[in-house]
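# Chain and residue survey
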Amino acid sequence: MIAWIPDLFYLNRRFEGGVALVCDEAGTIARVAPVEELRDEKKINLPRRAILPGMVNAHSHVFQRVIRGKTEHRTSQRDSFWSWREMMYSAATRLKPEDIYDVSRMAFLEMALSGITAVGEFHYLHHAPDGKPYDDPNLLAKEVIRAAGDMGLRIALLRVAYARSGFETEANPKQFRFIEADSEIYLRNLETLAKSVRSPTVREGKLTNQALADARASDTVWIGIAPHSIRAVPLPYSKEVVAYADEHDLKVHMHVAEQPAEVSACIEEHGRTPVALLVTEGLLSERFTAVHAIHVTPKAIPSFARTGAMVCACPTTERNLGDGVVPAEEYLKNGVAICLGTDSHTQIDLLEDARELEYHLRLQKLERAVLDHQSQVSSLKSQALASLLFDCATVNGARSIGAPSGSLEAGKPADFFTLDLDDPSVAGASTDDLLPAIVFSSSRAAMREVVVSGKPIVSEGQHLIQEEVVERFTELQKRLWS
Ligand SMILES: [Zn+2]
């Protein structure tokens, strides 16, 4: 048994001192115990550190990390999401399988350095650039999974179904890599991928015990279903893949109402708004996460709430792309849980997404602490808003993608990060205002250790293979853009 002993431990939504996290050799939490009750555990002291549960990034497109910094200028009279997308496609059409591995590692590196221990990867690059499937139709998905394994992160590979450019829209050659024409092809490839990740060979060389390998493989890598959007997938196709998810108890993620143009196209094709369509066609459930869900009417939200579906907000991307503001107050008022994603990776810092969820509403409403009165979490009043936002980055993300982590309690994996209490961005905070200081003000540099299944992947603020990952990525960027 190993006991991690920090100065402060985030427990039951407040910080406490004198508490240790005890985990077994396999990295499962045995108990959270007062330090004086420790016996012969191997003790790891963490002076001037706080321990918090590892964060869960519920929406990511790792390959988009290659266009960071390349789209921050006007390319037409009115730059928008749609002109940004052209640039993103120009990268998407050029990446080779080994490039996908390198860019994935880079994005996962940044996630690890910012305290993220599990990710939902919304993966839609399937084929060679000309649209022909590789010999292994899951080659690129496997490169992403391999990268996550090598960086030490848990991953839900949310395999994307993508059929068309849009309703009555000409095919766009830049989307050929994404397309699987019908649900039969999609589900066949999905099943093959699911079988391969259940196989312990994914963890080859790292585990010897077969039973453990089986359990760990499904805990470390698992598969979800992701019809890309109402625009990109015809309704019958979406219904078939969601029915498969229902039958196999898989998570379902879908882009919903990110842009007003999607809403008008949906009304034109189906005579209903996206949310109305999803509700009336029975696609929503407590396993469903609607990514963005920005352009929705207040009237639609209660019907959405009744299904138990969640919303994934991606505020750092949404502000970058000029998407709009997630009506988080309305969702929370109606009991819809919100998780967070770093999406386009213009920035990878889930606490920034957490604070922006609130800040965007402040700018819109000219008020402060907008979401505070929506907080139902039991914690100190001065911490309630920060706890609510931190829940979005942890337990809600875990529920959305089906990660076993998100909180630190017996039986769960020891996935956590430590934060330096003397970092200038949080120095001087009292125990009671530490969480608001972390959520609203901490810098990523304050993150010191990141541990997944009891194993450190980041130590003293450095990932164990950071240098090599950065070097390979720098070479890739040179090759791609010069
Ligand atoms: Zn997305």
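A quick note: this is a predicted structure, and the numbers were derived from the prediction, not measured.

### Here we look at the overall build of the chain
Along the backbone of the chain there are 16 helices and 17 strands. Dimensions of the chain, computed from the C-alpha atoms along their principal axes, are close to 70 × 55 × 45 Å. Of the contacts made within the chain by residues no fewer than 6 positions apart, 74% connect residues no fewer than 24 positions apart.

### A word on the domain arrangement of the chain
Structurally, the chain comprises domain 1 (2-52 + 410-474) and domain 2 (53-409). Taking the mean C-alpha position of each, domain 1 and domain 2 sit 27 Å from one another. Those elements giving two or more residues to the side of domain 1 that touches domain 2 turn out to be strand 4 (29-34), strand 14 (416-420), helix 15 (434-441), strand 15 (447-452), strand 16 (455-459) and helix 16 (466-481). Its residues placed into classes, the side of domain 1 that touches domain 2 shows 21 nonpolar, four polar and nine charged.

### Overview of the pairing of strand 12 (residues 310-313)
Taking every second residue as pointing to the same face, both faces of strand 12 are buried, with Met 310 and Cys 312 on one and Val 311 and Ala 313 on the other. Pairing geometry for strand 11 (residues 288-292) and strand 12, over three bridges, is parallel. The residue bridging Thr 289 from the neighbouring strand is Met 310, located in strand 12. Regarding topology, helix 9 (residues 300-306) serves as the crossover connection from strand 11 to the parallel strand 12, and that connection is right-handed. Relative to strand 13 (residues 338-340), strand 12 is paired through three bridges, and the arrangement is parallel.

### Observations regarding helix 6 (residues 235-248)
For helix 6, spanning 14 residues, the distance from its first C-alpha to its last is 20 Å, which sits close to the expected 20 Å at 1.5 Å a residue. Where helix 6 is concerned, the buried positions are Tyr 237, Ser 238, Val 241, Val 242 and Ala 245. Burial along helix 6 is one-sided: seen end-on, the buried residues are contained in an arc of 120°. Relative to its buried face, helix 6 has exposed residues pointing more than 90 degrees away, namely Pro 236 and Glu 247. Those residues of helix 6 hidden inside the fold are in contact with strand 8 (154-161), helix 4 (183-198), strand 9 (221-227) and strand 10 (252-256). Looking one or two residues past helix 6, Asp 249 carries a phi angle of roughly 55°, positive in sign.

### Structural notes on the packing of helix 2 (residues 97-113) against helix 3 (residues 139-151)
Orientation of helix 2 relative to helix 3, taken along the N-to-C sense of each, is 35°, at an axis distance of 8 Å. Both helix 2 and helix 3 take part in a crossing whose hand is right-handed. Along its contact with helix 2, which presents Pro 97, Ile 100, Tyr 101, Ser 104, Arg 105, Phe 108, Leu 109 and Ala 112, the element helix 3 presents Leu 139, Leu 140, Glu 143, Val 144, Arg 146, Ala 147, Ala 148, Asp 150 and Met 151. Its residues placed into classes, the contact of helix 2 with helix 3 shows twelve nonpolar, one polar and four charged.

### Considerations on the packing of helix 13 (residues 384-393) against helix 15
It is the contact of helix 13 with helix 15, at a shortest axis distance of 9 Å, that shows an interaxial angle of 55°. The angle between helix 13 and helix 15 falls in the class oblique. In this structure, the crossing between helix 13 and helix 15 has a hand that is left-handed. Here helix 13 contributes Ala 386, Ser 387, Leu 389 and Phe 390 to the contact with helix 15, which in turn contributes Leu 435, Pro 436, Val 439 and Phe 440. Its residues assigned to classes, the contact of helix 13 with helix 15 shows seven nonpolar, one polar and no charged.

### Notes on the environment of Glu 143
Note on placement: Glu 143 falls in helix 3. For Glu 143, a count of 24 C-beta atoms within 10 Å puts it in the buried group. Spatially, the C-alpha atom of Glu 143 lies 37 Å from that of Leu 332, the residues being 189 residues apart in sequence. Leave out the neighbours within four places in its chain, and Glu 143 touches Pro 97, Ile 100, Tyr 101 and Ser 104.

### Considerations on helix 3
Because each turn of an α-helix spans 3.6 residues, side chains separated by three or four positions in sequence point in the same direction. For helix 3, with 13 residues, the first-to-last C-alpha span of 19 Å sits near the 18 Å given by 1.5 Å per residue. Every buried residue belonging to helix 3 is among Leu 140, Ala 141, Lys 142, Glu 143, Val 144, Ile 145, Ala 147, Ala 148 and Met 151, and all of these are buried. Those residues of helix 3 hidden inside the fold are in contact with helix 2, strand 7 (116-123), strand 8, helix 4, strand 9 and strand 16. Positive phi shows up at Gly 152, right after helix 3, with a value of about 90°.

### So, the nonpolar core
If you look at the biggest cluster of nonpolar residues, it comprises 149 residues, and the most contacted ones within it are Ala 112 and Ile 338. Among the elements that line this core, the one with the most residues is helix 2, at ten residues. Both domains that furnish three or more residues to this core are identified here as domain 1 (2-52 + 410-474) and domain 2 (53-409). The contact partners of Ala 112, leaving out residues within four places of it in the chain, are Met 151, Gly 152, Leu 153, Val 450, Ile 457, Val 458 and His 463.

Reading the values: rules and limits
- Residues numbered from 1 in each chain as written.
- Predicted model: local features only at pLDDT ≥ 70, side-chain atom pairs only at ≥ 80, totals over all residues.
- Helix = DSSP H or I, 4+ residues; strand = E, 2+ residues; numbered from the N terminus.
- Contact = placed C-beta atoms within 7 Å.
- Domains from an automatic or database assignment.
- Nonpolar A, V, L, I, M, F, W, Y, C, P; charged D, E, K, R; others polar.
- Buried ≥ 20, exposed ≤ 12 C-beta atoms within 10 Å, placed from the backbone.
- Pairing = 2+ DSSP bridges.
- Right-handed = clockwise from strand over helix to strand, strands pointing away.
- Expected span 1.5 Å × (residues − 1).
- Arc of directions from axis to C-beta.
- Axes fitted to C-alpha atoms, helices over the stretch in contact; angles between N-to-C directions.
- Left-handed = near helix turned anticlockwise from the far one by under 90°.
- Parallel < 35°, antiparallel > 145°, perpendicular 65-115°, else oblique.
- Core = buried A, V, L, I, M, F, W, Y, C linked by C-beta atoms within 7 Å.

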